[in-house]
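Tertiary structure, described
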Amino acid sequence: MSTSDVTRQGVRGARPARDALTGSARARPDAPRRDGRAPEGGFRSYYGRPVLNRIPWAARDIAGYLFLGGLAGSSSVLAAGAELSGRPALARTMKATALGAITGSVAALVNDLGRPARFVNMLRVCKPTSPMSVGSWLLAGYGPLAGAAAATELTGRFRRPGTAATVGAALLGPAVAAYTAPLICDTAVPAWHEGYREMPFVFTGSGAAAAAGVGLLGSPPAENGPARRAAVFGAALETAALARMRRRTAAVADTHRGGRAGVLLRAAEALTATGALGAAVLGRHRWAARVSGAALVAGSACTRFGIFYAGIASAEDPRYTVVPQRERVRERAAAGLA
Amino acid sequence: MTANDPAPGGPADPAGAAGHPDHPPRVGFFTDTSVCIGCKACEVACKEWNAIPEDGLNFAATSYDNSGGLGADTWRHVAFIEQRRPLGRQHTGVARDGAGPAGEAAAVDLGMPSFERPGDGAGADGRGEFRWLMSSDVCKHCTEAACLDVCPTGALFRTEYGTVVVQEDICNGCGYCVPACPYGVIDKREDDGRVWKCTMCYDRLGAGQQPACAQACPTDSIQFGELDELRERAARRVTDLQLAGVDSARLYGEDPGDGVGGAGAFFLLLDDPEVYGLPPDPVVTTRDLPAMWRHAGTAAAVLLAGLAATFLGRRR
Ligand code: SF4
Ligand code: SF4
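Residues numbered from 1 in each chain as written. Chains lettered and ligands numbered in written order. Predicted model: local features only at pLDDT ≥ 70, side-chain atom pairs only at ≥ 80, totals over all residues. Heavy atoms only, no water.

Named according to an unreviewed UniProt entry, chain B is 4Fe-4S ferredoxin originating from Marinitenerispora sediminis. On record in UniProt, under Subcellular location (unreviewed entry), the comment for chain B is "Cell envelope". (UniProt positions renumbered as here; feature names shortened; annotations may be inferred.)

Chain A carries the name Polysulfide reductase in an unreviewed UniProt entry, which gives Marinitenerispora sediminis as its organism. Listed in UniProt under the heading Sequence similarities (unreviewed entry), the comment for chain A reads: "Belongs to the NrfD family." Looking at chain A in UniProt, the text filed under Subcellular location (unreviewed entry) is "Cell membrane".

**Focus: the overall build of chain A**
Check the secondary structure of chain A and you find 11 helices and 2 strands. Traced from its N-terminal end to its C-terminal end, chain A shows the element sequence β-β-α-α-α-α-α-α-α-α-α-α-α. When the 338 residues of chain A are sorted by exposure, 54% land in the buried category. A fraction of 71% describes how many contacts in chain A between residues 6 or more apart in sequence connect residues 24 or more apart. Put simply, chain A shows about 14400 Å² of open surface, and 61% of that area lies on carbon and sulfur atoms. (Helix = DSSP H or I, 4+ residues; strand = E, 2+ residues; numbered from the N terminus. Buried < 20%, exposed > 50% of the residue type's maximum accessible area, 1.4 Å probe, protein only. Contact = heavy atoms within 4.5 Å. Areas by Shrake-Rupley, 256 points an atom, 1.4 Å probe, with all protein chains shown as cover.)

**Section: the nonpolar core**
If you look at the biggest cluster of nonpolar residues, it comprises 90 residues, and the most contacted ones within it are Trp192, Met199, Ile307 and Phe308 of chain A. No other element matches helix H1 (residues 59-84) of chain A, which puts 12 residues into this core. With residues near it in sequence (within four places) discarded, Phe308 of chain A still touches Trp57, Ala58, Ala59, Ile62, Ala63 and Trp192 of chain A. One finds Leu70, Leu156, Cys198 and Leu269 of chain B within the second-largest nonpolar core, a separate group that totals 66 residues. (Core = buried A, V, L, I, M, F, W, Y, C linked by side-chain atoms within 4.5 Å.)

**Notes on unusual backbone geometry**
Peptide bonds are trans in most cases, and residues, glycine excluded, mostly fall at negative phi. All names here are of chain B. The phi dihedral of Lys40 is positive, around 65°, even though this residue is not glycine. Examined against the element boundaries, Lys40 turns out to sit in the loop between strand S1 (27-32) and helix H2 (41-50). Here Lys40 falls in the buried class, since its relative accessible area comes to 17%. With a phi close to 45°, His141 is a non-glycine residue in the positive phi region. Mapped onto the fold, His141 is located in the loop between strand S3 (131-138) and helix H3 (146-150).

**Considering the UniProt feature "binding site: [4Fe-4S] cluster 2" (unreviewed entry) in chain B**
Residues and elements named next belong to chain B. On the UniProt side, "binding site: [4Fe-4S] cluster 2" (unreviewed entry) is annotated at positions that read Cys46, Cys198, Cys201 and Cys213 here. Over a stretch of 168 residues, the named residues converge on one spot in the fold, their C-alpha atoms separated by at most 10.6 Å. Tracing the sequence through the fold places Cys198 in the loop between strand S7 (195-196) and helix H5 (202-206). Residues in contact with Cys198, not counting those within four places in the same chain, are Trp75, Val138, Cys139, His141 and Val164. Mapped onto the fold, Cys201 is located in the loop between S7 and H5. For Cys201, the residues in contact, after removing those within four places along its chain, are Trp49, Asn50, Pro211 and Ala212.

**Some details on the pairing of S1 of chain B**
Residue and element names in this part refer to chain B. Extensive coverage of S1 is indicated by the burial of 6 of its 6 residues. On S1, burial covers both faces: Val27, Phe29 and Thr31 on one face and Gly28, Phe30 and Asp32 on the other are all buried. Summarising the sheet, S1 and strand S8 (residues 222-226) pair through 5 bridges and their orientation is antiparallel. Within S8, the residue paired with Phe30 across the bridge is Gln223. Two elements, S1 and strand S10 (residues 265-269), share 4 bridges in a ladder whose sense is parallel. In the sheet register, Phe29 faces S10, and the bridge partner there is Ala265. (Pairing = 2+ DSSP bridges.)

**Here we look at the site of ligand 2**
What surrounds ligand 2 is the set Cys151, Pro152, Thr153, Ala155, Leu156, Cys171, Asn172, Gly173, Cys174, Gly175, Cys177 and Val195 of chain B. Looking at the shell around ligand 2 residue by residue, the classes come out as 8 nonpolar, 4 polar and no charged. (Near = heavy atom within 4 Å. Nonpolar A, V, L, I, M, F, W, Y, C, P; charged D, E, K, R; others polar.)

**Considerations on a nonpolar patch on the surface**
Where nonpolar side chains cluster on the molecular surface, the patch consists of Leu84, Val167 and Leu171 of chain A and spans about 290 Å² of accessible area. Among the secondary structure elements, Leu171 of chain A is positioned in helix H4 (residues 159-185). (Patch = residues over 30% accessible without salt bridge, like charges linked within 9 Å, V, L, I, M, F, W, Y side chains within 5 Å. Salt bridge = Lys/Arg side-chain N within 4 Å of Asp/Glu carboxyl O.)

**What to know about the environment of Thr103 of chain A**
With respect to the helices and strands, the residue Thr103 of chain A is situated in helix H2 (residues 88-112). For Thr103 of chain A, a relative accessible area of 46% gives the class partly exposed.

**A word on the UniProt feature "binding site: [4Fe-4S] cluster 1" (unreviewed entry) in chain B**
All names here are of chain B. Taken from the UniProt record, the annotation "binding site: [4Fe-4S] cluster 1" (unreviewed entry) applies to Cys36, Cys39, Cys42 and Cys217. Of the residues just listed, which span 182 residues, no C-alpha pair is farther apart than 10.6 Å, and they cluster in one region. Turning to its location among the elements, Cys39 is positioned in the loop between S1 and H2. Once residues lying within four places of it in the same chain are set aside, the contact partners of Cys42 are Arg76, Val78, Ser136, Cys213 and Ile222.

**Focus on the site of ligand 1**
Neighbouring residues of ligand 1: 13 residues in total, closest Cys139, Lys140, Cys142, Cys147 and Cys181 of chain B. Residue composition of the shell around ligand 1, by class: 10 nonpolar, 1 polar and 2 charged.

**A closer look at the confidence of the model for chain B**
Residue and element names in this part refer to chain B. For chain B, the mean per-residue pLDDT works out to 86, and 82% of the residues sit at or above 70. This stretch, residues 1-9, has a pLDDT under 50; its non-local contacts, to residues over four places away or in other chains, come to 23 contacts. Segment residues 92-106 is flagged for pLDDT under 50; beyond a separation of four residues in sequence, or across chains, it makes 34 contacts in the model. For this predicted complex, the interface score ipTM comes out at 0.88, while the overall pTM is 0.87. (pLDDT = per-residue confidence, 0-100.)

Now the structure itself:
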């Protein structure tokens, strides 16, 4: 059907000359070209679709798991230090925190399984090539120790074995806090994998800051000296490692800036810095310590959720998969010619 | 280490390395996309044989593609790409076996109701400056398979044929294999919680049959066989095509020296892999795992030392 009319003034309503060039039809100017050619952004793709499949993990469960694991592991170290240096109130808080956090993290992990009833299948094998397998065994060792440490503390019975469990949990705790970095980095997700060198330091720093935060919330100023120092240590470690990771990798730098991850990570930076500064300067005042502690815990949670969402964003955009790999191919070709 | 862990660096014999002493030769797919006509017989045959649920009756609205990509319910996926490019004498008239570049007469009979090839009558100039690329994607059955490496339950295992298969009664749905796969193949089925992917028709192999997709492919674009033999055949085919003027022909995934130790399912492509939705240079993530453990170990030690240090000194 023709849409044009021939009037005395000429042809009206004629469509512009059709130029149905293959590959010219793009719904949005920023949409990927249909023929996969690479005008914008310098990479080609299959209709802009991601190369990787959608990550089937819920943020609440897995980012929550990362946060709680870091909190538990670091809390156990502070608990042992507090017990051995005679700070009973701090020790009590940290032991209870470790048990609560590790229970929560296992609950989050089980909740995220597609077949929760088959959780025990994790312990069928022990595979060093699978950080999740290693982590399951680590939790199987650490969980009961953290539990015994808290139970003996709260009931006041079996003090001697309780101290042994506290020390044992403190020795395994850092591994629990650090292993979650290989857990997410041992994937093809660009913003996680490319950051594998710094990620464990981000996670242990963030875990230390969170545990310090709980310590500040739950111990009197007379005993919170270690928590104040741990706040500064954790925040500094996390901030330095994050900065280095962003400097080194475009996929990390980009995805940490934009979207939901960007908002969360900016909030994390502000909260962590405020909390650490508050703890260092005003930590001897009860209310300032509590506010700083709350900021540190919230900052650590924001860091984990931010890093989680950055990974999701980097997997959803084929750019972060294709561009570095294409670059590698080009470099190899250039080296081959030279 | 369990028996399923491949040796680092990509074993030449993955089935043997996984603990199958007397195993049959390694099998694989060679998908020659230059003869693919996009009929999707492979997608249908795969769904039928493996009783895969419907994956949404969608139309991608970008091309004739309606399954979009590989997933829990799509184990073969046919990609369609329309390009404004000269054909480059890209036709199917090159005989596959030995006839060489001059194989004008030995055209592959596609069984189409036509007496001449499209564009023949118009001459080279009249053929138009555009081409269709079609390619049937599938799990690569990597020599170094990230999905298998990271699986914490041992649900994913290496078969005696050198392929990678999920045991559905063991998978607990942790989903770790999904982001581990550098090709976006394995995927979690929402309503069932477990992960699914191509098994290279493990059940058919046991009965001496070839996989359903290869059986159904009308143009032999999907070729099934012993991997060594397929690699030789593919090398001949790509040389033939290049001599015939199809400069863009290249193999993808055939090299045992690549980032996954060579794919058990490899391809002949007519453009860059990323145009088909394939990663240009995938590397199995577990190659970096030893370094990851080292960094994590250092970080754990730093954490322990740093927190211990907060208890040092005069009590303030
Ligand atoms: S392509 Fe992906 S799913 Fe298939 S074997 Fe390789 S890593 Fe596993
Ligand atoms: S989802 Fe199943 S197959 Fe995949 S890693 Fe987890 S247990 Fe293994």
